[in-house]
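# Survey of secondary and tertiary structure
In case you want the letters, here they are:
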Amino acid sequence: GDSVTQMEGPVTLSEEAFLTINCTYTATGYPSLFWYVQYPGEGLQLLLKATKADDKGSNKGFEATYRKETTSFHLEKGSVQVSDSAVYFCVPSSNDYKLSFGAGTTVTVRA
Amino acid sequence: NAGVTQTPKFRVLKTGQSMTLLCAQDMNHEYMYWYRQDPGMGLRLIHYSVGEGTTAKGEVPDGYNVSRLKKQNFLLGLESAAPSQTSVYFCASTRLNTEAFFGQGTRLTVV
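Now for a description of the structure that goes with this document. Since we're looking at a predicted model, the values are computed, not measured.

Let us now look at unusual backbone geometry. Geometrically, the link from G9 of chain A to P10 of chain A is a cis peptide bond, its omega value of -5° lying close to zero. Secondary-structure assignment places P10 of chain A in the loop between β1 (3-6) and β2 (11-14). Looking along the chain, the bond that leaves T7 of chain B and enters P8 of chain B is cis, with omega of -5°. The backbone of K60 of chain A sits at a positive phi, close to 55°, despite the residue not being glycine.

A few words now on the pairing of strand β8 (residues 73-78) of chain B. Residues and elements named next belong to chain B. As defined by bridge partners, strand β3 (residues 19-25) adjoins β8 across six bridges and the pair is classed as antiparallel. When the sheet's bridge partners are listed, A24 is paired in β8 with N73. Strand direction decides the pairing type here: strand β7 (residues 65-67) and β8, joined by three bridges, are antiparallel. The partner of N65 across the bridge, within β8, is G77. Counting the residues between successive antiparallel strands, the hairpin from β7 to β8 contains five residues.

The next subject is the interface of chain B and chain A. Each side of the interface is counted separately: chain B has 21 residues, and chain A has 18 residues. Carbon and sulfur atoms supply 56% of the area buried between chain B and chain A, which totals about 1700 Å² over both sides. At the boundary of chain B with chain A, the tally comes to zero salt bridges. At the junction of chain B with chain A, the criterion picks out three residue pairs in polar contact (both at pLDDT 80 or more). Ranked by residue count, the leading element in the side of chain B that touches chain A is strand β5 (residues 42-51) of chain B, at five residues.

Turning our eyes to something else, we now look at the environment of S84 of chain B. Within the secondary structure, S84 of chain B is located in the loop between β8 and β9 (87-94). C-alpha of S84 of chain B to C-alpha of M27 of chain B: the two residues are 57 residues apart in sequence and 33 Å apart in space.

All names here are of chain A. Overall, antiparallel pairing links the four strands, which are arranged β3-β9-β8-β7 in an open sheet. The open sheet has two free edges, formed respectively by β3 (19-21) and β7 (56-59), since each of these has just one partner strand. Strand-to-strand twist in this sheet, taken as the mean axis angle between neighbours without regard to direction, amounts to 15°. As paired elements, strand β8 (residues 62-65) and strand β9 (residues 75-77) share three bridges and run antiparallel to each other. From the neighbouring strand, A64 faces β9, where its bridge partner is L75.

Thresholds, definitions, all that
- Residues numbered from 1 in each chain as written.
- Chains lettered and ligands numbered in written order.
- Predicted model: local features only at pLDDT ≥ 70, side-chain atom pairs only at ≥ 80, totals over all residues.
- Heavy atoms only, no water.
- Helix = DSSP H or I, 4+ residues; strand = E, 2+ residues; numbered from the N terminus.
- Pairing = 2+ DSSP bridges.
- Contact = heavy atoms within 4.5 Å.
- Buried area = accessible area lost by both parts, 1.4 Å probe.
- Salt bridge = Lys/Arg side-chain N within 4 Å of Asp/Glu carboxyl O.
- Polar contact = N/O pair within 3.5 Å; in protein donor to acceptor, adjacent residues only side chain to side chain.
- Axes fitted to C-alpha atoms, helices over the stretch in contact; angles between N-to-C directions.

In structure tokens:
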């Protein structure tokens, strides 16, 4: 089935720092790739997605590029804010019905 | 458009009691999922369903049962609650290869 190797946390940053969360995936076929975010006390929500190779997903200043050759979908943000403190999940989605999320990466941004 | 609605939001059970968590979605999604989230463990898949009348086991199914009698509803049952089932439970729904939508979670404490 589909799986991801995601950078382990926790990650602690200062405001305005650069954030990268590495994600590599294993999947059958050509999956769509998603980053979900979970803010404290809330459910998960979609942050961004990419559906084919070389697509770049972006939202709220975050970006991730679908790299088929390296099977990666790394999440980046150039200048983080305290409000970006959350847990981030990288998820491939193809023909595997078992939608698996793993542990995610906890990010804490300090003022 | 309500999306995914979970009830109840909070519950305290005594060991040995039973309860049912309800997940309802109004997006006509085929796939529905139940997860539990524990500190440091990410989201672990309990059971899932790929359509009305079908269910399947996830990673941690023991102690739980599910039913999908109607396409829009996915019920999670605990027949005899144990303290180890203290957790936050999330329901999600999706179509294949598209964004998953989550409920706000149910915080369950078993004493």
